[in-house]
There are 2 protein chains.
Amino acid sequence: MESKQKVGVIGIGLIGGSIALGLRESGWASEIIGIDTNPEHQSKALSLRLVDRVMTWENALHEVDIFVTSTPVDVLVSIIPKILDQLKPHQLIIEVGSTKSPVFEALKNHPKRAQFVSTHPMAGTEFSGPEAAVLGLFKNKTCVICDKELSSATAIEIIEDLYTHGLQMQLIYMDSIGHDVHTAYISHISHICSFALANTVLEKEKDEKRIFELASTGFESTVRLAKSSPETWSQIFHQNQENLLDVLDEYINTLLKYKGLMLAGSYDKLKDELSKANDIGRILNNKKGL
Amino acid sequence: MESKQKVGVIGIGLIGGSIALGLRESGWASEIIGIDTNPEHQSKALSLRLVDRVMTWENALHEVDIFVTSTPVDVLVSIIPKILDQLKPHQLIIEVGSTKSPVFEALKNHPKRAQFVSTHPMAGTEFSGPEAAVLGLFKNKTCVICDKELSSATAIEIIEDLYTHGLQMQLIYMDSIGHDVHTAYISHISHICSFALANTVLEKEKDEKRIFELASTGFESTVRLAKSSPETWSQIFHQNQENLLDVLDEYINTLLKYKGLMLAGSYDKLKDELSKANDIGRILNNKKGL
C-alpha cells in the first residue's frame, strides 16, 4: 500500500478542511490539492494553509491519487459520477456526506463503482466554512464505511488506512439504508430539536435581553446545534426525509405524552419517563469508558 | 454589614453543596452548618468538607445568621414558614429554587416575610447529590432576585453581598411571576426537549450498541440534560406547569411546522426557519462578549 498519497479535497469547509489538516499532520498525504468553486474558500484555504495548491477537479485528475468529496449532498450526487467517468484504474474517490441513500442510488450502476467508497466520519462542530477547520476534529471518533462490498478490496484497504492511520478514527460498517436510519435517530433529530427550540424561544422571548441574561449552560448546550449551517442541514433533512419524519413523529408523540401526563397531574408517571431517559447517561458513559 | 456570616445550608446537594464551597472559599462565611434529613448526605457533606458541622434546623436556629434553603420545591414551601416563625429579628432565610410562584404564594402573608429573600442562582450541571458539588459553579453566572420589595432593605443588602462577593455572581431583578415565565422559556423547556429526545432515541434504537457507536458530540450536547435528576425536574415541571405547557405547545407547533414543510418538500422555507434559529448564536455570543 502506498503510504504517501496525493489527495484532492473537493469542498474545503469544516469537514474537508479538517480532513486536509489531519492528513497532512499525520503525514498520510504527501500533498493536498484544494478544489472549491467558491473563490473566497479557495483563497482562505490557501491562506490558512489547509491545502498546498488550488485547482479545478479536471486539472487535479492528472495528479491526485484520491479525491475526497465533502460538498453538500446535492453537489456530491452530480459531481461524483462525472469524476468517476474520468478516473484511471489506480485512482479512487470517496465522499463524506451525512446521508448515504442518495449517493448509493446515484452510483449503483456506475461501471467504475468499485473505485468509489462511501464513508461518514462522524464528527463536526456548529461552525462552517474553511475558518471552521480544526486539526484533530476526527481523532478517536467513529467513521462509518457503507456498502463495503461494492468497493474493490484495494480501495477499501486504502480508505481504511486513510481513516485509521491518517485521521486516527475507529471504523464501523453498515449498508447505506441502515446508516440513514441510525443517523436519523442519533444525529439528525438532535439538530431538529435544537433548531426548533431556538425558534421557539426566539418567538416566545421577543425581548432578547432576557435570553441574554437568563441563558444557562444547560440552555446553551441544548441550542448549540441551532447555530449550524441552514444550507447543510435543510439538505440533510431533505435527503433523509423519510427516516427523519419517522423519528420526528416519535419525538412529537413523546412530547405529547409528557403534555398529557402534566395535564393529568400524573407527575409520578412523568418522573418514571424521566428516569428511563436517564439511561442515555449510562450508555454515553460506557462509551467514554467511565 | 457583617462580612463574616454563619450560614446554615438546608439540603446539601449539587446546589447547596456548591454554595457552601463558594462561600467558604471566598471567606464570606465564617462557618457552614449542614442541614439534611438524609443521613448519607450528612456524612458525605462532612467527608467531602462541604460543611463544618451537621445538625437539625431547630438546633441551627441558635447559631446561624442566614439559612440557605436548597431543597426540592415541595419541601421548601413547607419548611420555610416554620423556620421563619422562629427567626430572631437579625436572622435571614433565603431559598434558591428553580420556580418562584409556589414560594411566593406560601409566604405572601407571613408576618416575617421581610426576613426572607427569594433568589435563583442560575447555574447547575446534570449531576446531583453532595458529590456533585463543585467550587466555582456560580462564578460569573446570573442570579435572579425576586420580589425585592417584599424583603427588608437590610436583608436585600446582605443577600446581594452574598451573591456578588460571596459567589461572584451578577444580579438581575424580577417578580416571581415574570421569573417563572422566563425560566420556563429559557431553562425548563430545554430539559423537556432533552429528556424527550433521550426517550425517543432509546425507544427507536433498541440496540444500544448503535447509540454507543454513533453518538457524536452534537447528540451528546443535546441529550446532556436528560441525565438530570427525575425527582428535581418532575417537580419543577409540576410547579411551573402552566408556563411550561404554554411553551411546550409552541415547541410542538414549531416541530409540526417543520414536519409540514418537509412533507410539502418546501426545503427553502425550512432553510429560512433554520436561518432564523441561527440568531440564537448571535445572542449567546453577545453574552460572552464575542
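All of these numbers come straight from a predicted model, not from anything done at the bench. (Residues numbered from 1 in each chain as written. Chains lettered and ligands numbered in written order. Predicted model: local features only at pLDDT ≥ 70, side-chain atom pairs only at ≥ 80, totals over all residues.)

Trainee: What exactly am I supposed to notice about helix H4 (residues 73-86) of chain B here?
Mentor: Along an α-helix, residues three or four apart share an orientation, since each turn contains 3.6 residues. Residues and elements named next belong to chain B. For H4, with 14 residues, the first-to-last C-alpha span of 20 Å sits near the 20 Å given by 1.5 Å per residue. Most pronounced at Ile79, the bend in H4 amounts to some 30°, and the proline Pro81 follows within four residues. Along H4, the residues that are buried comprise Val73, Leu76, Ile79, Ile80 and Ile83. (Helix = DSSP H or I, 4+ residues; strand = E, 2+ residues; numbered from the N terminus. Expected span 1.5 Å × (residues − 1). Bend = angle between axes of the 7 residues up to and from the residue. Buried ≥ 20, exposed ≤ 12 C-beta atoms within 10 Å, placed from the backbone.)

Trainee: It is not clear to me how the relation of the copies chain B and chain A should be interpreted in this structure. Could you clarify?
Mentor: Mapping between the two copies of the chain is achieved by a rotation about an axis and a shift along the axis. When chain B is fitted to chain A, the residual RMSD is 0.0 Å, and the transformation amounts to a turn of 180° plus an axial shift of 0.0 Å. Seen this way, the second copy is the image of the first under a two-fold rotation axis. By C-alpha distance to the rotation axis, the residue of chain B lying nearest is Thr222 of chain B, at 2.3 Å. When the interface residues of chain B are mapped onto chain A, 100% of them again fall at the interface, so both copies present the same face. (Least-squares fit on C-alpha atoms with pLDDT ≥ 70 in both. Contact = placed C-beta atoms within 7 Å.)

Trainee: Please clarify how the interface of chain B and chain A should be interpreted in this entry.
Mentor: Many descriptions give the size of an interface as the accessible area lost when the pieces come together. Each partner contributes residues to the interface: chain B has 79 residues there, and chain A has 79 residues. Elements represented by at least two residues in the side of chain B that touches chain A include exactly helix H7 (176-204), helix H8 (208-214), helix H9 (217-223), helix H10 (230-239), helix H11 (241-263), helix H12 (267-277) and helix H13 (279-287) of chain B. Here the side of chain B that touches chain A takes 20 residues from H7 of chain B, the largest share from any one element. Across the side of chain B that touches chain A, the residue classes tally to 41 nonpolar, 21 polar and 17 charged. (Nonpolar A, V, L, I, M, F, W, Y, C, P; charged D, E, K, R; others polar.)

Trainee: Could you clarify how one ought to interpret the sheet that holds strand E4 (residues 66-69) of chain B in this entry?
Mentor: Through backbone hydrogen bonds, the strands of a sheet pair up, either in parallel or in antiparallel fashion. Residues and elements named next belong to chain B. Strand order in the open sheet made by the eight strands is E3-E2-E1-E4-E5-E6-E7-E8, with mixed pairing throughout. The open sheet terminates on both sides in strands that have one partner only, identified here as strand E3 (53-54) and strand E8 (170-174). As paired strands, strand E2 (residues 29-35) and E3 are joined by two bridges and run parallel to one another. Residue pairing in the sheet places Ile33 in a bridge with Arg53 of E3. Against the sheet, helix H1 (residues 14-25) makes contact with strand E1 (5-10), E2 and E4, and its axis sits at roughly 160° relative to E2, the strand it touches most. (Pairing = 2+ DSSP bridges. Axes fitted to C-alpha atoms, helices over the stretch in contact; angles between N-to-C directions.)

Trainee: Whenever I open this one, the pairing of strand E1 (residues 5-10) of chain A confuses me. Can you help?
Mentor: The two faces of the sheet receive side chains in turn, since in a regular strand these alternate between them. Residues and elements named next belong to chain A. Of all six residues that make up E1, five are buried, and the element is covered over most of its length. The pairing of E1 with strand E2 (residues 29-35) spans six bridges and is classified as parallel. Residue pairing for E2: Val9 is matched across the bridge by Gly34. For the segment spanning E1, helix H1 (residues 14-25) and E2, crossover handedness is right-handed. The sheet contact formed by E1 and strand E4 (residues 66-69) spans four bridges and is parallel. (Right-handed = clockwise from strand over helix to strand, strands pointing away.)

Trainee: How do you make sense of the nonpolar core when you look at a structure like this?
Mentor: Considering soluble globular proteins, one finds that nonpolar side chains tend to be buried as a cluster. By size, the foremost hydrophobic cluster in this structure holds 178 residues, and its most contacted members are Val9, Ile189 and Leu197 of chain A together with Val9, Ile189 and Leu197 of chain B. Among residues more than four places away in sequence, those in contact with Val9 of chain B are Gly16, Ile19, Ala20, Ile32, Gly34, Ile35, Val51, Val68 and Ser70 of chain B. (Core = buried A, V, L, I, M, F, W, Y, C linked by C-beta atoms within 7 Å.)

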